[in-house]
Amino acid sequence: MDNQVVIFDHPLISHKISILRDVNTGSKQFRELVEEIAMLMGYEALRDLPTEYVEVKTPITTTKSKMITGKKVAIVPILRAGLGMVEGILALIPTAKVGHIGLYRDEETLEPQEYYCKLPNDIANSIVIILDPMLATGGSAVAAVDFLKARGCKNIKFMSLIAAPEGIKKLTSSHPDIQLYCGCIDEKLNENGYIVPGLGDAGDRIFGTK
Ligand code: PRP
Ligand code: URA
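Let us look at the structure shown here. (Residues numbered from 1 in each chain as written. Chains lettered and ligands numbered in written order. Predicted model: local features only at pLDDT ≥ 70, side-chain atom pairs only at ≥ 80, totals over all residues. Heavy atoms only, no water.)

1. Focus on the overall build of the chain
Here comes step 1: Assigned secondary structure in the chain consists of six helices and 13 strands.
Here comes step 2: For the chain, whose C-alpha radius of gyration is 18 Å, the value lies close to the compact-globule estimate of 17 Å for 210 residues.
Here comes step 3: Judged by the C-alpha coordinates and their principal axes, the chain covers about 65 × 40 × 35 Å.
Here comes step 4: Nonlocal contacts in the chain, meaning residues at least 24 apart in sequence, comprise 64% of its contacts between residues at least 6 apart.
Here comes step 5: Here the chain displays about 11,000 Å² of accessible surface, and carbon together with sulfur accounts for 52% of that area.
Here comes step 6: The averaged location of the 26 negative side-chain charges in the chain is 7 Å from the averaged location of its 23 positive side-chain charges. (Helix = DSSP H or I, 4+ residues; strand = E, 2+ residues; numbered from the N terminus. Rg over C-alpha atoms; globule rule 2.2 N^0.38 Å. Contact = heavy atoms within 4.5 Å. Areas by Shrake-Rupley, 256 points an atom, 1.4 Å probe, with all protein chains shown as cover. Lys, Arg positive; Asp, Glu negative; His and termini not counted. Charge placed at Lys NZ, Arg CZ, Asp CG, Glu CD.)

So this is what it looks like as structure tokens:
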């Protein structure tokens, strides 16, 4: 896998994903874990934020010390399940703006259907991080990146907790210029387009709708 895709091989993330997978994990713990994993992944995804030296007066002396500068960060959860990751990233960048893209998969065709899109006005000049726990066929992810590019976004990252090889292939081939961060790669999709072994339906598990 080239460096367009970062796969997290970290004990904290692997451990938390294993609890997410467990069919006996309830919605409260599931939500907490999704937020925590997003924060851990965000630490790496934000590694290339631009910084500048500013002068700081410490109790001992005056020094030049780095602070984040320049480009703004926008986070864009794909509704519904992406909402579960928002607070984890906001804990790292409280000033980030939040846009929303509403997509659901048609259960027959697995094609993404749009039902909502509200993005910050100045998003074109931001570093944009799309959030969705599941990258399955890749249809929803590709549609979300299409929207953002149509709004002029150039610096786009996509973060998912669990990805299928099929989704990674589709997203990287459709959009070779975006950076992907995946908590892990699973084996395959089943005949219904669900990730195997996966964790089931992320939206239903976050919001307790099944
Ligand atoms: C899930 C998930 C992704 C999409 C992934 O959402 O959160 O958005 O499926 O599948 P894909 O890669 O094949 O497009 P879903 O459509 O179930 O909507 P929901 O979050 O509202 O439940
Ligand atoms: N969406 C989910 O929530 N889970 C999957 O496994 C695939 C798509």
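2. Remarks on the site of ligand 1
Here comes step 1: With respect to spatial proximity, 16 residues lie near ligand 1, and among them Arg105, Asp132, Thr137, Gly138 and Ser140 are the closest.
Here comes step 2: In this structure, an oxygen atom belonging to ligand 1 sits 3.2 Å away from a main-chain N or O atom of Ala81.
Here comes step 3: Within the side chain of Arg105, a nitrogen or oxygen atom sits 2.7 Å from an oxygen atom of ligand 1.
Here comes step 4: Elements with a contribution of two residues or more to the shell around ligand 1: strand 4 (73-79), strand 6 (100-105), strand 9 (134-135) and helix 4 (139-150).
Here comes step 5: Ranked by the residues each element gives to the shell around ligand 1, the list is headed by strand 6, at three residues.
Here comes step 6: Residue composition of the shell around ligand 1, grouped by class: eight nonpolar, four polar and four charged. (Near = heavy atom within 4 Å. Polar contact = N/O pair within 3.5 Å; in protein donor to acceptor, adjacent residues only side chain to side chain. Nonpolar A, V, L, I, M, F, W, Y, C, P; charged D, E, K, R; others polar.)

3. Regarding the packing of aromatic side chains
Here comes step 1: Taken as a whole and judged by the stated rule, the model has two aromatic pairs.
Here comes step 2: With centroids separated by 6.5 Å and ring planes inclined at 40°, the aromatic side chains of Phe8 and Tyr181 adopt a geometry described as tilted. Of this pair, Phe8 sits in the loop between strand 1 (5-7) and helix 1 (11-21) while Tyr181 is found in strand 11 (residues 179-185), placing the two residues 173 residues apart along the sequence. Taken individually, Phe8 and Tyr181 each receive the classification buried, so the pair is uniform in this respect.
Here comes step 3: Relative to Tyr115, the ring of Tyr104 has its centre 6.0 Å away and its plane inclined at 40°; by these criteria the two rings are tilted. Highlighted residues: Tyr104 in strand 6 and Tyr115 in strand 7 (residues 112-118), separated in sequence by eleven residues.
Here comes step 4: For Tyr104, a relative accessible area of 46% corresponds to the partly exposed category.
Here comes step 5: Residue class for Tyr115 comes out partly exposed when judged on its relative accessible area of 42%. (Phe/Tyr/Trp six-rings, centres within 6.5 Å; stacked < 30°, edge-to-face > 60°. Buried < 20%, exposed > 50% of the residue type's maximum accessible area, 1.4 Å probe, protein only.)

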